[in-house]
Amino acid sequence: MARSAGHTSWLLIGAAAVLLLAASAATAQDCLSATFSNGQTFGKCNSMPTLGASLHWTYHAANGTADIAFRAPSSSNGWVGWGINTAGGGMAGSSVLIASQDSTGTASVLMTNLDSTAPSLPLQPATLKFAVAGTPAVEYSGGAYTIFATITLPGNNTQQSTVWQAGSVSGGQISPHPTAPANLASAQRLDFLSGSSTGASNSRLHRKNIHGVLNTVAWGILIPTGAIIARYLRVFESADPAWFYLHIGFQCSGYILGVAGWGLGLKLGSESVGITYHPHRNIGIAIFCLATLQVFALLLRPDKKNKYRFYWNIYHHSVGYSVIVLAAVNIFKGLDILKPATGYKTAYIVVLATLGGVALCLEAITWPIAIRKRKRDKATNGNAGWQQGA
């Protein structure tokens, strides 16, 4: 039976992985199905790994130019930018196009060069290190800016180091962008001919994604599923002791994966010198401590007839539900920090809604059964007491 529980939990892990892959595929599909108000279409697109941005382009091999449309979400009092670094990777040395709005709500594009990671403000217009045909166009619609331009690829090379960013506007001036991981990882090398890309921070970003997936599957899917099994399947006499082994299988699998994701998170945190997300970090440590207490509490579980079993149950349930609630909160905090494509957050919301729906259905089904069982047990105990007194 324990082996069956293990198989079931690993099947759920596989299903979760498929769901996350589906979210990724949905994001790619969003890139391909994007439309533009001017009716323009593009031959290729790239869903960038951070900030929810995407780049659409058509490359003209005859003259080495590309028609591009860069789209990124932003508030109306924010800015977004895209550019090419002809000197290498990273922001310093890049030539960029920055879209923003003035106090009247008119959107415009600023073309400038960023000679360092802390350029002098306010940014001044400049001739870019690659040619731009005419004046770039911009539109703000649906909570996103879209920059349209025709550029000449530097050196007639289809492989370019591209950068993109997003930030806020303060006092009518473009403010420095945030230093969140998503902002610091917004650079990649893009091949305008093949459409392939290689992130400048792919290794670190990849580990962050693994950290997120491990913790989402562990604390956000396996642990709640194990709790649902323990709460509702135990009501059915035919499910005893299968429910217990399923519960243990899901919780142990979730704890093992969760500890792996937690450890990876600590490692990533130690590498982010000067950047600490205190709420996310502190909640993660609290989840680990509470979950570890649960593991040790299992070794001290009293017998069902023990007078302390009632208090142990209160402790076990309180700590378990606390872990589930804290995990859901922390997963959303992690998504806000990483800022992946919206498909991932949507996928997790669907998972939560599904688990909640299943729990509500099982609550409605098992509640009458539990009431009848309690009445039967009370009657049985009363008869036994009466016979004993007689």
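Since the structure is predicted, the reported quantities are computational estimates derived from the model, not experimental observations. (Residues numbered from 1 in each chain as written. Predicted model: local features only at pLDDT ≥ 70, side-chain atom pairs only at ≥ 80, totals over all residues. Heavy atoms only, no water.)

What follows is about the confidence of the model for the protein chain. Across the protein chain, the average pLDDT comes to 83, with 85% of residues at 70 or higher. The model gives residues 1–6 a pLDDT under 50, and that stretch makes 6 contacts with residues more than four places away or in other chains. Low pLDDT, under 50, characterises residues 384–390; the stretch is placed with 0 contacts to residues that sit more than four places away or in other chains. (pLDDT = per-residue confidence, 0-100. Contact = heavy atoms within 4.5 Å.)

Here the focus is the layout of surface pockets. Any space left empty among the atoms is revealed by the rolling of a water-sized probe across them. Looking at the largest pocket, its volume works out to about 1500 Å³. Within the residue set of the lining of the largest pocket, elements represented by two or more residues are helix H3 (202–232), helix H4 (242–271), helix H5 (278–299), helix H6 (309–338) and helix H7 (342–389). Ranked by residues supplied to the lining of the largest pocket, first place goes to H6 with 9 residues. Residue composition of the lining of the largest pocket, grouped by class: 22 nonpolar, 8 polar and 11 charged. (1 Å grid on protein atoms, 1.4 Å probe; cavity = no way out; pocket = protein on both sides within 12 Å on 5 of 7 lines; lining within 4 Å. Points joined across faces, edges and corners; volume = space filled by probe spheres on them. Helix = DSSP H or I, 4+ residues; strand = E, 2+ residues; numbered from the N terminus. Nonpolar A, V, L, I, M, F, W, Y, C, P; charged D, E, K, R; others polar.)

All chains considered together, the criterion is met by 3 salt bridges. The partner of Glu139 in a salt bridge is Arg71, with the nearest N and O atoms 4.0 Å apart. Taken together, the positions of Glu139 in strand S7 (residues 137–141) and Arg71 in strand S3 (residues 65–73) put the pair 68 residues apart, joining distant regions of the chain. With a closest N to O distance of 2.9 Å, Asp336 and Lys345 form a salt bridge. Of the residues examined, Lys345 reaches a relative accessible area of 30% and is grouped as partly exposed. (Salt bridge = Lys/Arg side-chain N within 4 Å of Asp/Glu carboxyl O. Buried < 20%, exposed > 50% of the residue type's maximum accessible area, 1.4 Å probe, protein only.)

A few words now on a nonpolar patch on the surface. Taken together, the side chains of Tyr308, Phe310, Tyr311 and Ile314 define a hydrophobic patch exposed on the protein surface, amounting to about 490 Å² of accessible area. With respect to the helices, strands and loops of the structure, Ile314 is situated in helix H6. (Patch = residues over 30% accessible without salt bridge, like charges linked within 9 Å, V, L, I, M, F, W, Y side chains within 5 Å. Areas by Shrake-Rupley, 256 points an atom, 1.4 Å probe, with all protein chains shown as cover.)

We now examine the pairing of strand S1 (residues 44–47). Here 4 bridges tie S1 to strand S2 (residues 54–60), and the two strands are oriented antiparallel to one another. Across the sheet, the residue bridging to Asn46 is Leu55, located in S2. Hairpin connection of S1 to S2: 6 residues between the antiparallel strands, including Leu51 at a positive phi of 65 degrees. (Pairing = 2+ DSSP bridges.)

A sheet is described by the order of its strands in space; here 5 strands give the open sequence S1-S2-S3-S8-S7, paired in antiparallel fashion. Of all strands in the sheet, those bounded by a partner on one side alone are S1 and S7. Taking the axes of each pair of neighbouring strands and ignoring which way they run, one obtains an average angle of 15 degrees across the sheet. Taken together, the 5 bridges between S7 and strand S8 (residues 144–152) define a ladder with antiparallel strand orientation. Bridge pairing in S8 links Val138 to Ile147. (Axes fitted to C-alpha atoms, helices over the stretch in contact; angles between N-to-C directions.)

So, on to the nonpolar core. Counting 27 residues, the largest nonpolar core has Leu55, Ile68, Phe70, Trp82, Ile151 and Phe192 as the members making the most contacts within it. In this structure, Ile223, Ala230, Leu257 and Ala327 belong to the second largest nonpolar core, which totals 18 residues. (Core = buried A, V, L, I, M, F, W, Y, C linked by side-chain atoms within 4.5 Å.)

In this fold, Arg309 is placed in helix H6. Summary of buried charges: Arg309 has no salt-bridge partner, and the nearest side chain of opposite charge, Asp303, is 6.0 Å away. Leave out the neighbours within four places in its chain, and Arg309 touches Arg301, Pro302, Asp303 and Lys304. (Lys, Arg positive; Asp, Glu negative; His and termini not counted.)

Looking now at the packing of aromatic side chains. Evaluated as defined, the whole model comprises 9 aromatic pairs. Aromatic pair Trp243 and Phe244: ring centres 5.8 Å apart, planes at 85 degrees, arrangement edge-to-face. What makes Phe244 partly exposed here is its relative accessible area of 22%. Between Phe244 and Tyr245 the ring centres are 5.8 Å apart and the planes differ by 70 degrees, which places this aromatic pair in the edge-to-face class. (Phe/Tyr/Trp six-rings, centres within 6.5 Å; stacked < 30°, edge-to-face > 60°.)

Let us now look at the pairing of S2. Residues in a regular strand project their side chains so that they alternate between the two faces of the sheet. Burial within S2 is extensive, with 5 of its 7 residues counted as buried. Both S2 and S3 contribute to a ladder of 7 bridges, which runs antiparallel. By the bridge assignment, Thr58 is partnered in S3 with Asp67. Here S2 hands over to S3 after 4 residues, with Gly64 in that stretch at a positive phi of 70 degrees.

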